[in-house]
Amino acid sequence: MKLILLGAAGSGKGTLAKKITRDFGIPQLSMGDMLRDIASSGSELGKKIGEYQNKGILVPSDVVFEVLKERLSQKDCENGYILDGFPRTIDQAHLLAKVTEVDAVISVELAFDEIERRLAARRTCPKCGDIDNANYEGFTGNCRKCQTPLFQRDDDKPEAIRTRLEVYKQNITPLINFYGDRLFKVSSAGSPDETYKPVYDFLKTLEA
Ligand code: AMP
């Protein structure tokens, strides 16, 4: 099963992807994570990618597409995958269409003021990549999985958040139109489990 998750940063698509991976056995390909890994390698390309990411603007599509193609060629993608954070623009959707078809596109939807609130409170584990929210019950500032002190990503700070949401708003409508016939919309206003339930039911119908 080949899936695309559309949704603004902070809409909860990463959390949703992890649940799909758990239940359907297909890997989550997070473009943001893949690019952050290259950025932290310290290479020349990595430095450039890091600059785009810290400002909250898009890395050029040709660079991103090369990273994606390399990842898609790996063995664990043979039976499908979840694209989390790709495509983000209509030109990326056209590039993807040249190399593969997808079975469904899930659009995760949440009001922008709530997204801003969630992103501003988001904290990330530098060791295992888990995320938490400073407003959630039981938040201690340490990772719930590995106890490492959490940090706030540079692009989760107010100015970069505004830029990221602007970039999203500029690009989402053409993508929604492009995938119109394969689109499944879900609201992430409720809890992660409430968001996941209709998606799970929908994916089961695809599997059948
Ligand atoms: P994310 O972790 O998905 O919020 O992505 C963080 C940052 O990585 C974005 O703000 C962009 O700078 C970069 N990025 C992620 N996915 C893409 C993409 N498909 N195209 C271009 N840049 C991307």
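The rules we used
For every chain, the first residue of its written sequence is number 1, and the numbers climb from 1 along that sequence. Where totals are concerned, whole chains, interfaces and linings use all residues; where local detail is concerned, this predicted model gives features only for residues with pLDDT of at least 70, and gives and counts side-chain atom pairs only at 80 or more. Each side-chain value is worked out from all heavy atoms of the structure, with water and hydrogens disregarded. One heavy atom within 4 Å of a molecule or strand is enough for the residue carrying it to be called near that molecule or strand. Side-chain atoms alone can form a polar contact between residues adjacent in sequence; in general such a contact is a pair of N or O atoms within 3.5 Å, and within protein one must be able to donate a hydrogen while the other accepts it. Helix and strand labels come from DSSP, where a helix needs a run of H or I of at least four residues and a strand needs a run of E of at least two; each type is numbered from the N terminus. Nonpolar residues are Ala, Val, Leu, Ile, Met, Phe, Trp, Tyr, Cys and Pro. Charged residues are Asp, Glu, Lys and Arg, and all others, Gly as well, are polar. A carboxyl oxygen of Asp or Glu within 4 Å of a side-chain nitrogen of Lys or Arg is what we treat as a salt bridge. Remark: exposure states derive from per-residue accessible area (1.4 Å probe, protein chains only) relative to the maximum for the residue type, with buried under 20%, exposed over 50%, and partly exposed in between. Pairs of residues are marked as contacts when any of their non-hydrogen atoms sit within 4.5 Å. Strands are labelled as partners when DSSP assigns at least two bridges between them. For every element, the axis is a line fit to its C-alpha atoms; helices are fit only across the contacting stretch, and the angle between N-to-C directions ranges from 0 to 180 degrees.

Novice: I would appreciate a short explanation of the site of the ligand in the present structure.
Specialist: The environment of the ligand is formed by 17 residues, the closest being Gln 53, Ile 57, Gly 85, Arg 88 and Arg 164. Contact between the ligand and Arg 153: an oxygen atom at 3.3 Å from a side-chain N or O atom of the residue. It is helix H2 (residues 31–39) that provides the largest number of residues to the shell around the ligand, a total of 4 residues. Its residues placed into classes, the shell around the ligand shows 8 nonpolar, 4 polar and 5 charged.

Novice: Explain the pattern of salt bridges to me, please; I cannot follow it from the model alone.
Specialist: As a working rule, side chains carrying opposite charge can pair if their charged atoms are close by. Applying the stated criterion across every chain, the model contains 22 salt bridges. Its salt-bridge partner being Arg 71, residue Asp 76 comes within 2.7 Å of it at the nearest N-O pair. Taking the relative accessible area as the measure of exposure, Asp 76 reaches 40% and is therefore partly exposed. Residue classification places Arg 71 among the buried positions, given a relative accessible area of 16%. A salt bridge links Lys 197 to Asp 201; the shortest N-O distance between them is 2.7 Å. One end of the pair is Lys 197 and the other is Asp 201, both in helix H8 (residues 192–207) and 4 residues apart, which spans about a single turn.

Novice: Help me out: how do you make sense of the environment of Leu 5 in this one?
Specialist: Topologically, Leu 5 is positioned in strand E1 (residues 2–6). By relative accessible area, Leu 5 is classed as buried at 1%. C-alpha separation for the pair Leu 5 and Ala 17, spaced 12 residues apart in sequence, amounts to 7.8 Å. Among residues more than four places away in sequence, those in contact with Leu 5 are Lys 13, Leu 16, Ala 17, Ile 20, Ile 82, Leu 83, Gly 85 and Ile 106.

Novice: Help me out: how do you make sense of the sheet that holds strand E7 (residues 183–187) in this one?
Specialist: Neighbouring strands of a sheet are bound in pairs by backbone hydrogen bonds; such pairs are parallel or else antiparallel. A sheet is described by the order of its strands in space; here 5 strands give the open sequence E2-E3-E1-E4-E7, paired in parallel fashion. The open sheet is flanked by strand E2 (28–30) and E7, the only strands paired with a single partner. Looking at each pair of strands side by side, their axes are set apart by 20° on average, direction ignored. Across 4 bridges, E1 lies against strand E3 (residues 81–84) in parallel orientation. Along E3, the bridge assignment pairs Lys 2 with Tyr 81.

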